Amino acid sequence: MRACVPLIVAILCSLAWAGKLESCASRCNEKFHRDAACQCDHQCPRHGDCCEDSEHLCTEDPEEPEPFLGLEEEVLEAPASNLYTAPSSCRYRCHEAFDRHQPCHCNARCPEFGNCCKDFESLCGHEGFSYSRDAITKEGLQSISEKIYRADINKAQKEDIILNSQNRILPSETRDQVDRCPEPLFTYVNEKLFSKPTYAAFISLLNNYQRATGRGEHFDGQQLAEQDAFLREVMKTAVMKELYGFLRHQNRYISEQEFVSDLKNMWFGLYSRGNEEEDSSGFEHVFSGEIKKGKVTGFHNWIRFYMQEKEGLVDYYSHIYDGPWDSYPDVLAMQFRWDGYYKEVGSAFIGSSPEFEFALYSLCFIARPGKACQLSLGGYPLAIQTYPWDKSTYGNGKKYIATAYVVSSTR
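A brief structural summary. (Residues numbered from 1 in each chain as written. Predicted model: local features only at pLDDT ≥ 70, side-chain atom pairs only at ≥ 80, totals over all residues. Heavy atoms only, no water.)

## Here we look at the state of the cysteines
Definition in use: Here, two cysteine sulfur atoms that lie within 2.5 Å of each other are counted as a disulfide. Strands here mean DSSP runs of E at least two residues long; helices mean DSSP runs of H or I at least four residues long; both are numbered from the N terminus. Any residue under 20% of the maximum accessible area for its type is buried, any over 50% is exposed, and the rest in between are partly exposed; the area is computed with a 1.4 Å probe on protein chains only.
Throughout the structure, instances matching the rule amount to four disulfides. Disulfide pairing places Cys-104 opposite Cys-117 at an S-S distance of 2.0 Å. The chirality of the disulfide connecting Cys-104 with Cys-117 is right-handed, given an S-S dihedral of about 85°. With Cys-104 in the loop between α3 (54–58) and α4 (110–113) and Cys-117 in the loop between α4 and α5 (120–124), this residue pair connects regions lying 13 residues apart in the sequence. For the pair formed by Cys-104 and Cys-117, the shared burial category is buried. For Cys-364, the disulfide goes to Cys-373, at an S-S distance of 2.3 Å. Handedness here is read from the sign of the S-S torsion; for Cys-364 and Cys-373, about -70°, the answer is left-handed. Judged by its relative accessible area of 0%, Cys-364 is buried. We classify Cys-373 as buried; its relative accessible area is 0%.

Next up, the structure:
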């Protein structure tokens, strides 16, 4: 009997180990494990081999925490990611290589095997908008971002803002939560800027949200009308006309009406960050800011920051980066406390018009969702990171904006 005890223990241990490898408990973000029954790494959704509890145990909001990343070169110039389009569609996928993880295909041999997507013939059977020539290249992004930069006539001038950035800290010190700046960030802002139509329409939206996630958002008729008014005003600007012209040329949209409708859905469409309540949207998160699990998330807008600082609700602590531009818009990556809640790193354009930020974030979400989007502003490189909200969709499988923010600006 004694001889059997080690064998029994070994069997029980092996069963326990096997059970462990069928769950993501204590395994989140580990490297690929070839002996495991399922995986818990970042690539498992792509390969379809995640453990059943991976989403529950390992999925966090894309912006917790939010590092200020360095500029990274992309190895390949790829067409728009299918994070933004339905996986069952050939949109932007014509003649792509066979991928066994896709539910349907868009390559030349899919008719032979009977596994084409339903829209293969309409999109790939003729000179449509899904061909590789319509892919948005890095050079294309840099060119259009420079045009948008030059078109921003509503931006602040040097005399419109006096900024007091004070103490710069090391990235390793951002978690210290030490207030190293006794003075406010904004010494002066010419509030005549806020009477411009796009600024006024933007500001009217900022207080339409409950900042705590888990509390449902419910808009009345006036608030919905304010969303439409903002979109109307920004579409009148040269900035948004440049963006629409570029995206139409790239065959992303066939009419301005389609473009505006998509903008409204991706930015203002509601989804749930917690408790199954429709408690969030891309606009709320990026421009107004949210509180989740006792921390500030989003909040990437200088106008919102200034207005909250003026009311005594924002306490500026320090910054880790100040951009190279000698005029506005500039970029600042800062630490602050918002009504008692801390933001470890919050990057924001400073002195830009609302339409400028809205245009660049939209451009990058459409062209590089889930990736660093490499742009050029006034001859200086800049990257914007966007993430789609993967848990719900609108239209034909399109994703809402989860977040968008500046991640780097170096030369």
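## Describing unusual backbone geometry
In this model, Tyr-328 is joined to Pro-329 through a cis peptide bond whose omega is 5°. Mapping Pro-329 onto the fold places it in the loop between β5 (314–322) and β6 (330–338). One non-glycine residue, Gln-166, adopts positive backbone phi at about 55°. When its relative accessible area of 24% is taken as the criterion, Gln-166 is described as partly exposed. Backbone geometry places Phe-299, a non-glycine residue, at a positive phi of 65°. Of note, Phe-299 is situated in the loop between β4 (295–297) and α12 (302–310). Relative accessible area serves as the criterion here: at 2%, Phe-299 is assigned to the buried category.

## What about the sheet that holds strand β8 (residues 372–377)?
What counts here: A pair of strands is labelled paired if DSSP reports no fewer than 2 bridges between them. Axis definition: a line fitted to C-alpha atoms, over the contacting stretch in the case of helices. Angles run 0 to 180 degrees between N-to-C directions. Whether two residues are in contact is decided by their heavy atoms: any pair within 4.5 Å suffices.
Strand order in this open sheet of three strands is β8-β9-β10, and the pairing throughout is antiparallel. Each having just a single partner strand, β8 and β10 (398–408) make up the two edges of the open sheet. Neighbour-to-neighbour, the strand axes of this sheet turn through a mean angle of 30°, independent of strand direction. Bridge count for strand β9 (residues 380–394) against β10 is nine bridges, and the pairing is antiparallel. Within β10, the position partnered with Pro-388 by the bridge is Ile-401. Contacts from helix α10 (residues 256–268) reach β9 and β10 within the one sheet, and its direction differs from that of β10 by about 75°.

## A short note on the sheet that holds strand β7 (residues 341–350)
Here three strands make up an open sheet; going across it, the order is β5-β6-β7 and the pairing antiparallel. Looking at strand neighbours, the two that pair on one side only are β5 and β7, the edges of this open sheet. Put simply, the sheet's adjacent strands are angled 30° from each other on average, direction ignored. With respect to the sheet, α12 is in contact with β5, β6 and β7, its orientation differing from that of β5 by roughly 145°.

## Considerations on the pairing of β9
Walk down a regular strand and you will see the side chains alternate between the two sheet faces. Two strands pair when backbone bridges link them, and β8 and β9 are joined in this way by six bridges, in the antiparallel orientation. In the sheet register, Ser-376 faces β9, and the bridge partner there is Pro-381. Between β8 and β9, which pair antiparallel and follow one another directly, the connecting turn spans two residues, one of which, Gly-378, has a positive phi of 60°. The turn joining β9 and β10, which pair antiparallel and follow one another in sequence, is formed by three residues; a positive phi near 55° is taken by Gly-395.

## Section: the nonpolar core
The following threshold applies: Grouping buried Ala, Val, Leu, Ile, Met, Phe, Trp, Tyr and Cys residues that are joined through side-chain atoms within 4.5 Å yields what is termed a nonpolar core.
Formed by 89 residues in total, the largest nonpolar core has its most connected members in Phe-230, Phe-259, Trp-267, Phe-283, Trp-302 and Phe-349. Looking at this core, the element that brings in the most residues is helix α13 (residues 354–367), giving 10 residues. Once residues lying within four places of it in the same chain are set aside, the contact partners of Phe-230 are Thr-198, Ala-201, Phe-202, Leu-205, Phe-268, Phe-283, Pro-354 and Phe-358. Counting nine residues, the second-largest nonpolar core is a separate cluster that includes Cys-104, Cys-106, Cys-110 and Phe-120.

## Structural notes on the packing of aromatic side chains
For the record, the criterion: Note on aromatic pairs: the rings of Phe, Tyr and Trp (six-membered ring only in Trp) are paired at centre separations within 6.5 Å, and the planes decide the class, stacked below 30 degrees, edge-to-face beyond 60, tilted for the rest.
Tallied over the entire structure, the rule returns 31 aromatic pairs. Taking 6.0 Å as the distance between ring centres and 50° as the angle between the ring planes, the aromatic pair formed by Phe-194 and Tyr-306 counts as tilted. With Phe-194 in the loop between β2 (186–189) and α7 (197–206) and Tyr-306 in helix α12, this pair connects stretches of sequence that are 112 residues apart. Each member of the pair, Phe-194 as well as Tyr-306, is classed as buried. Plain terms: the ring middles of Phe-305 and Phe-336 are 5.1 Å apart, the flat faces sit at 85° to each other, and that makes the pair edge-to-face. In this pair, Phe-305 sits in helix α12 while Phe-336 sits in strand β6, placing the two residues 31 residues apart along the sequence. Neither residue differs from the other here; Phe-305 and Phe-336 are each classed as buried.

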